[in-house]
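A closer look at the structure
As a plain string of letters, each chain reads:
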Amino acid sequence: MTLIHLTLHYPPGDMPDADTDVIVFDASSPIGQLGAYIGEESDGPVWNDAQGFLITEPVVAWAEMPALPSRPEARTLTLNGGQQV
């Protein structure tokens with residue numbers, strides 16, 4: 001099993017680069033969704049969801065998209081008779 005760790009960032013003090021896919025956590029749900037910060041307007045930061053719609057609830061946190069770790073090498077088991085499985 002491989003664990004993937006996310007580092008949460010809290011806007012407005014810590015913002016991602018514009019138009020970069022991130023995992024967004026908004027005030028309406030504790031479940032993250034794919035989204036992107038698209039810029040700043042007079043009433044604050046603007047975020048889009050994966051379908052390109054505006055996220056209307058305040059974004060409370062975001063995390064970078066996780067990268068999969070490299071695949072581990074295959075393991076072999078050598079039996080008493082020398083046969084490898």
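The sections below set out a description of the structure shown in this document.

Quick notes on the rules
Residues numbered from 1 in each chain as written. Predicted model: local features only at pLDDT ≥ 70, side-chain atom pairs only at ≥ 80, totals over all residues. Heavy atoms only, no water. Pairing = 2+ DSSP bridges. Helix = DSSP H or I, 4+ residues; strand = E, 2+ residues; numbered from the N terminus. Contact = heavy atoms within 4.5 Å. 1 Å grid on protein atoms, 1.4 Å probe; cavity = no way out; pocket = protein on both sides within 12 Å on 5 of 7 lines; lining within 4 Å. Points joined across faces, edges and corners; volume = space filled by probe spheres on them. Nonpolar A, V, L, I, M, F, W, Y, C, P; charged D, E, K, R; others polar.

1. Brief notes about the sheet that holds strand β2 (residues 21-26)
Strands sit in the order β1-β5-β2-β3-β4 across an open sheet of 5 strands; the sheet is antiparallel. Each edge of the open sheet carries a strand with a single partner, namely β1 (8-9) and β4 (44-49). Bridge analysis of β1 against strand β5 (residues 59-64) gives 2 bridges, and the strand direction is antiparallel. What sits directly across from Leu-8, in β5, is Ala-63.

2. Observations concerning the environment of Ala-50
Relative to the helices and strands, Ala-50 is located in the loop between β4 and β5. Residues in contact with Ala-50, not counting those within four places in the same chain, are Leu-34 and Gly-35.

3. Focus: the layout of surface pockets
Put simply, the largest pocket is a space of about 190 Å³. Lining the largest pocket are Pro-11, Pro-12, Pro-45, Val-46, Trp-47, Leu-54, Ile-55, Thr-56, Glu-57, Pro-58 and Val-59. The leading source of residues in the lining of the largest pocket is β4, at 3 residues. Its residues assigned to classes, the lining of the largest pocket comprises 9 nonpolar, 1 polar and 1 charged.

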